[in-house]
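Architecture and fold: a report
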Amino acid sequence: MGVTLIADGAFFISLIFGVVYLWLVAPNWPPVEVIEAGLALPLVVVICLFASPIAARAATVAIRRQGAVMPWLAVQAVALLTALAAMVALISGALPDPQSHAYAAASFALLAYVCLHLGLAALFVFSNATRLHAGFIGPRRNHDLRLTTAWQDFTAISGVVAVGIVLLLPKMMTG
């Protein structure tokens, strides 16, 4: 998982580089149409991105103490799916047409990257729930929960950075 996250981080950094490069050296910048999103959807995304890894850690602590894990998995699932829905709404509602300008395409790619990671994190949680129900996860066998926490940490960090770059960079560059 560590190697996968390092490779994934390199890909994420290349996406960030693409967006920043366009802002710094591409002609016809700033673009005519920039993202104008309100505060509600990005705030929902950020809150859910932080809530999910916190619940993942709580699930790991609960399994070690032989407590209830399913409620923490449910919190993770709700947070991830809410963040995913808010991110899709942000992409479809605030983002200019990705085919209209390189800025819109790069922003779309960055936010879609986060959506993919949110979806994969939800699959991790679903897998944890089914494996817990089948008895494959326990106080001494909680590796699945720790891997899910690592993935959700990465998703939270990359998600907050992506939303920040896509929504704050235009405001910084255009004044």
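As a reminder, the structure under discussion sits directly above these lines.
Scope of this entry: the structure provided in the associated data block. The residue count restarts for each chain, going from 1 along the sequence in the order it is written. Local features in this predicted model are restricted to residues of pLDDT 70 or higher, and side-chain atom pairs are both shown and tallied only at a pLDDT of 80 or more, whereas totals for entire chains, interfaces and linings draw on every residue. No hydrogens and no water enter the side-chain calculation; it runs on all heavy atoms of the structure.

1. A short note on the overall build of the protein chain
We apply this condition: A run of H or I in DSSP becomes a helix once it reaches four residues, and a run of E becomes a strand once it reaches two; helices and strands are each numbered from the N terminus. Categorising residues by exposure relies on relative accessible area from a 1.4 Å probe, with only protein chains included: less than 20% of the type maximum marks a residue as buried, more than 50% marks it as exposed, and the intermediate range marks it as partly exposed. Should any heavy atoms of two residues lie within 4.5 Å, those residues are counted as being in contact.
A tally of regular secondary structure across the protein chain gives five helices and zero strands. Helices and strands in the protein chain line up, N terminus first, as α-α-α-α-α. Taking all 175 residues of the protein chain together, the buried fraction comes to 44%. Residue pairs in contact within the protein chain that sit at least 24 positions apart in sequence constitute 80% of those at least 6 positions apart.

2. Considering unusual backbone geometry
With phi around 60°, Q66 is a residue other than glycine that occupies positive phi space. With respect to the helices and strands, the residue Q66 is situated in the loop between α2 (40-64) and α3 (70-94).

3. Side note on the pattern of salt bridges
The cut-off we apply is this: Salt bridges are identified by distance alone: a Lys or Arg side-chain nitrogen within 4 Å of an Asp or Glu carboxyl oxygen.
One pass over the full model with this rule turns up two salt bridges. A salt bridge links R57 to D153; its shortest N-O distance comes to 2.7 Å. A residue pair is termed long-range when its members are at least 10 positions apart, and R57 in helix α2 and D153 in helix α5 (residues 143-174) qualify at 96 residues. We classify D153 as partly exposed; its relative accessible area is 22%. Of the charged contacts in the structure, one is a salt bridge between D144 and R131, with a shortest N-O distance of 2.5 Å.

4. Quick notes on the packing of aromatic side chains
Test applied: Note on aromatic pairs: the rings of Phe, Tyr and Trp (six-membered ring only in Trp) are paired at centre separations within 6.5 Å, and the planes decide the class, stacked below 30 degrees, edge-to-face beyond 60, tilted for the rest.
If you walk through the whole model with that rule in mind, you get four aromatic pairs. Note on F12 and Y113: the rings are 5.2 Å apart at their centroids and 25° apart in plane angle, and the pair reads as stacked. Note that F12 is positioned in helix α1 (residues 2-25) and Y113 in helix α4 (residues 102-134), a separation of 101 residues in sequence. Looking at F12, the relative accessible area reads 7%, which means it is buried. A residue is classified by how much of its surface remains accessible, and Y113, at 5% relative accessible area, is buried.

5. Re the nonpolar core
To keep things clear, this is the line we draw: Think of a nonpolar core as a cluster: buried Ala, Val, Leu, Ile, Met, Phe, Trp, Tyr and Cys residues, connected wherever their side-chain atoms sit within 4.5 Å.
Judged by nonpolar contacts, the single largest core of 50 residues is most densely connected at V19, I35, V69, L73, M87, L110 and L111. Every element with two or more residues in this core is listed here: α1, α2, α3, α4 and α5. Looking at this core element by element, the count peaks at 13 residues for α4. In contact with I35, not counting residues within four places along its chain, are A94, L95, P96, Y103, S107, V166, L167 and K171.

6. Overview of α2
Heads up, the condition is: Here, expected helix span is obtained from the residue count minus one, scaled by 1.5 Å.
If you check α2, its first and last C-alpha atoms are 36 Å apart, about what 25 residues at 1.5 Å a residue would give, namely 36 Å. In the stretch just after α2, Q66 is the one whose phi turns positive, near 60°.

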